[in-house]
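Overview (structure and organization)
Single-letter residue listing:
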Amino acid sequence: MILVAGGAGYIGSHTCVELIKHGYEILVLDNFSNSSAKVFDRLKKITDQDIPYVDVDICDEAGLESVFSTYDIQAVIHFAGLKAVGESMLNPLVYFENNIAGTSTLLKVMKRHTVKHMIFSSSATVYGEINPSPYQESMQTGMPTNTYGYTKLVVEQMLQKLDQAEEGWSIALLRYFNPIGAHPSGLIGEHPKGIPNNLLPYVTQVAVGLREKLSIFGGDYDTADGTAVRDYLHVVDLAVAHVLALKNRLDHTGCDIWNVGTGNGYSVLDIKNTFEQVNQLQVPFEIVARREGDLASFYADSSKIQNELGWEVQYQLDDMLAHSWNWQKNNPNGYESA
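Since we're looking at a predicted model, the values are computed, not measured.

Quick notes on a nonpolar patch on the surface
A cluster of nonpolar residues, Leu93, Phe96, Met143 and Tyr150, forms a patch on the protein surface that exposes about 410 Å² of accessible area. Secondary-structure assignment places Tyr150 in helix H6 (residues 147-165).

Description of the UniProt feature "domain: NAD-dependent epimerase/dehydratase" (unreviewed entry) in the protein chain
The positions that UniProt labels "domain: NAD-dependent epimerase/dehydratase" (unreviewed entry) are, in the present scheme, residues 2-261. The span residues 2-261 is 39% helix and 19% strand, and its two end C-alpha atoms sit 24 Å from each other.

Quick word on the packing of aromatic side chains
Tallied over the full model, the rule gives 10 aromatic pairs. Pairwise contacts between aromatic rings join Tyr127, Tyr135, Phe177 and Phe298 into one cluster. Geometry around Tyr127 places Arg175 over its ring, the cationic atom sitting 4.9 Å from the centre. When the ring centre of Tyr221 is taken as origin, the NZ or CZ atom of Arg290, which lies over that ring, is 4.1 Å away.

Digging into the side chain of Thr204
Examined against the element boundaries, Thr204 turns out to sit in helix H7 (residues 199-207). Of the residues examined, Thr204 reaches a relative accessible area of 2% and is grouped as buried. Setting aside residues no more than four positions away along its own chain, Thr204 makes contact with Phe275, Ser324, Trp325 and Gln328.

Focus on the pairing of strand E1 (residues 2-5)
Every second residue of E1 is oriented toward a common face, with Ile2 and Val4 on one face and Leu3 and Ala5 on the other, all of them buried. Pairing between E1 and strand E2 (residues 26-30): four bridges, direction parallel. Paired with Leu3 across the two strands is Leu27, which belongs to E2. Regarding topology, helix H1 (residues 10-21) serves as the crossover connection from E1 to the parallel E2, and that connection is right-handed. Sheet topology places E1 next to strand E4 (residues 75-78); four bridges connect them, and they run parallel. Paired with Val4 across the bridge in E4 is Ile77.

Comments concerning the environment of Pro196
As for its position among the elements, Pro196 is in the loop between strand E7 (178-180) and H7. Beyond its immediate sequence surroundings of up to four residues, Pro196 is in contact with Pro201, Tyr202, Gln205 and Arg211.

A word on the sheet that holds strand E5 (residues 117-123)
Here we have seven strands laid out as an open sheet, ordered E3-E2-E1-E4-E5-E6-E11, and parallel in their pairing. Here the strands that pair on one side only, and so sit at the sheet edges, are strand E3 (53-55) and strand E11 (254-260). The mean angle between the axes of side-by-side strands here comes to 20 degrees, regardless of whether they run parallel or antiparallel. Of the strand pairs in this sheet, E2 and E3 are connected by three bridges, and their pairing is parallel. Looking across to E3, one finds that Val28 is bridged to Tyr53.

Overview of the pattern of salt bridges
Enumeration according to the criterion identifies 15 salt bridges in this entry. Residues Lys272 and Glu276 are paired through a salt bridge, measuring 3.2 Å at the closest nitrogen-oxygen approach. A residue pair is termed a helical-turn pair when its members lie 3 or 4 positions apart in one helix, as Lys272 and Glu276 do in helix H9 (residues 268-279) at four residues. Classification of Lys272 as buried rests on a relative accessible area of 6%. The buried category is assigned to Glu276, whose relative accessible area is 12%. Here Asp294 and Arg291 are joined by a salt bridge, their closest N and O atoms 2.9 Å apart.

How each quantity is defined
Residues numbered from 1 in each chain as written. Predicted model: local features only at pLDDT ≥ 70, side-chain atom pairs only at ≥ 80, totals over all residues. Heavy atoms only, no water. Patch = residues over 30% accessible without salt bridge, like charges linked within 9 Å, V, L, I, M, F, W, Y side chains within 5 Å. Areas by Shrake-Rupley, 256 points an atom, 1.4 Å probe, with all protein chains shown as cover. Salt bridge = Lys/Arg side-chain N within 4 Å of Asp/Glu carboxyl O. Helix = DSSP H or I, 4+ residues; strand = E, 2+ residues; numbered from the N terminus. UniProt positions renumbered as here; feature names shortened; annotations may be inferred. Phe/Tyr/Trp six-rings, centres within 6.5 Å; stacked < 30°, edge-to-face > 60°. Lys NZ or Arg CZ within 6 Å of the ring centre and 35° of its normal. Buried < 20%, exposed > 50% of the residue type's maximum accessible area, 1.4 Å probe, protein only. Contact = heavy atoms within 4.5 Å. Pairing = 2+ DSSP bridges. Right-handed = clockwise from strand over helix to strand, strands pointing away. Axes fitted to C-alpha atoms, helices over the stretch in contact; angles between N-to-C directions.

Structure (structure tokens):
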């Protein structure tokens, strides 16, 4: 059985679909701090399976111990982390506790139960400001510009040191770029609680009338149109990358790193304008001050994951933006919708 920690969330739920599609038996662990248990009804419609889940926080050692004692866990896919850049700058201790201490607690319980396979949800922010794009896995990591990214770097280093110190660990560090989109069915997608911290849910919430206008953070970056450039990939393509990484790690030991990105950079205005064109609607916007901790531009060199795991991009930007809108217009209030 594969334990999917944070599996009720945006990326986790899409990965559950792909795991089931590839024949894995899964158990979701989530504390539902930024997700809804109602996602499981949607997942059943997609997969035709009831997915078991437990309401447990990764900081709860006793709760984790009970889970690992009850279920035959073979590997862990670890999504259970807070991820809002702005919030992380305002409340660093919360991020230290959840992302760093929570992972340490999870690893202690895994070790006690001799479960040494982990796929870790990391981030391209670990490359910091010292590296030019496209980012390659062989580059030395830098100091991330925000606290969220710093916690990802610390956990990566923890996992690498653990692998060096103890035999038998098999760990994948997946460095995400910018996942967007939704399942083509429109049944699951991204709907964060509160004000969205990521671009696409903000765009779609403006488009569906939940918010007045899109705030674009910074219009004076050294980019073609002055707005920040990112490497956007479809969340289903990202989910498939986890399945491929899991297959690889179940057959290998050690700690390895793979970027998950398309290698293409799009600006915030590119995204807004293309979203309008693809979906035939208008998104009111304003350009406001830069957000602390944001870089001007970054995108991936994805050749390593393509060559070693056979990962391929299935969806293009138009697909990502059409699927995002399909999810949002049919679920204006996320999983609270009828």
